[in-house]
Amino acid sequence: MHILPAIFAIICYLIAAILQWQVFSGRSINSSMIRLIGLIAVISHGYSAYLDLHRPTGIHLEFFSAGSLIGWLVAALVILSSLRQKIDNLFIGTFPLAATALFFTLFGLDSDVGKHYDAGLVIHILISILAYSIFTLAAFQAVLLAKQEYQLKHHITRGLLRSLPPLQTMETLLFEMIWVGLILLTLSLISGAIVFDDLFAQYLVHKTVLSILAWLLYATLLVGRHLLGWRSHKAIRWTVGGFIVLMLSFFGSKFVVELLL
């Protein structure tokens, strides 16, 4: 049942991303229309994800289904953020990401068996997914910030630079995302400690250690920002580095357990 809305969402995502790329390249296209197409994609994706997650046997939250849910949440967050800040060029990266994540759910690579989760575990999973989605968006923002800084240093005034807010505004938005993400990651670790008897059990130790390492990286970045004035290159490197560690934490164990084993 989730296939038709998924295909429709993928098409809308790609159309919106292509139109935004044309804006990035200098063409004049109504941003509200692009945002509307993206919103339609997000709604259709959300409906498809809902159908995919809810199975007669329980909640279906395996590797590709979780990836689709994160892709949907990232796309929804960037749509909402674009109403407050001029970050529409994030559509170029986030929409194809969401479309790709949704595409893989169509092949049935995950098992069809759902599971029944305790309420506490569901809350932990949702907080973890939300934290990961925020940090995914921060990673895209960091890449965009790096490109903007490069253009400023090389006195390139066309294309991307003309369509973005000032560099200071972009940095402020990045650190706002990191603060929100770190709070959610903290809640994820706390809820995990409550839900699981031993966070360092054999099947959890990989995820726990990497999550704590990612937390330390992001916390160090925020302390460095506050006390030492870290910005630009350091902020970008620490943000992307923390995201890579968190990605290994979130998807690494699921990939090994659910797909390789």
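Just so you know, these numbers come straight off a predicted model, no measurement behind them.

Turning next to the nonpolar core. Counting 72 residues, the largest nonpolar core has Tyr-13, Phe-95 and Ile-178 as the members making the most contacts within it. When contributions to this core are tallied by element, the ones reaching two or more residues are helix H1 (3-24), helix H2 (31-53), helix H3 (63-82), helix H4 (91-104), helix H5 (119-153), helix H6 (167-195), helix H7 (205-228) and helix H8 (232-260). If one sorts the elements of this core by residue count, H5 sits on top with 13 residues. Ile-178 has contacts with Phe-135, Ala-138, Tyr-218, Leu-221, Leu-222 and Thr-239, leaving out every residue within four places of it along the chain.

Moving on to the pattern of salt bridges. According to the stated counting rule, one finds two salt bridges in the structure shown. In this structure, Arg-35 engages Asp-88 in a salt bridge whose closest nitrogen and oxygen atoms are separated by 2.9 Å. One end of the pair, Arg-35, is in helix H2; the other, Asp-88, is in the loop between H3 and H4, and 53 residues separate them in sequence. One exposure class covers both Arg-35 and Asp-88, and it is buried. Close ionic contact of Glu-171 with Arg-225 constitutes a salt bridge, the shortest N to O distance being 3.6 Å.

Between H2 and H4, the least distance of the axes is 12 Å, while the angle of their chain directions is 25°. With respect to H4, the element H2 is oriented roughly parallel. As for the relative orientation of H2 and H4, their crossing is left-handed in sense. Side by side, H2 and H4 meet where Ile-34, Arg-35, Gly-38, His-45 and Ser-48 of the first sit next to Phe-91, Phe-95, Ala-98 and Leu-102 of the second. When its residues are assigned to classes, the contact of H2 with H4 shows five nonpolar, three polar and one charged.

What follows is about a nonpolar patch on the surface. A contiguous nonpolar surface patch, about 460 Å² in accessible area, is contributed by Ile-3, Leu-4, Ile-7, Ile-11 and Ile-15. Mapped onto the fold, Ile-3 is located in helix H1. Judged by its relative accessible area of 42%, Ile-3 is partly exposed.

What counts as what
- Residues numbered from 1 in each chain as written.
- Predicted model: local features only at pLDDT ≥ 70, side-chain atom pairs only at ≥ 80, totals over all residues.
- Heavy atoms only, no water.
- Core = buried A, V, L, I, M, F, W, Y, C linked by side-chain atoms within 4.5 Å.
- Buried < 20%, exposed > 50% of the residue type's maximum accessible area, 1.4 Å probe, protein only.
- Helix = DSSP H or I, 4+ residues; strand = E, 2+ residues; numbered from the N terminus.
- Contact = heavy atoms within 4.5 Å.
- Salt bridge = Lys/Arg side-chain N within 4 Å of Asp/Glu carboxyl O.
- Axes fitted to C-alpha atoms, helices over the stretch in contact; angles between N-to-C directions.
- Parallel < 35°, antiparallel > 145°, perpendicular 65-115°, else oblique.
- Left-handed = near helix turned anticlockwise from the far one by under 90°.
- Nonpolar A, V, L, I, M, F, W, Y, C, P; charged D, E, K, R; others polar.
- Patch = residues over 30% accessible without salt bridge, like charges linked within 9 Å, V, L, I, M, F, W, Y side chains within 5 Å.
- Areas by Shrake-Rupley, 256 points an atom, 1.4 Å probe, with all protein chains shown as cover.

Structural measurements only, silent on function.
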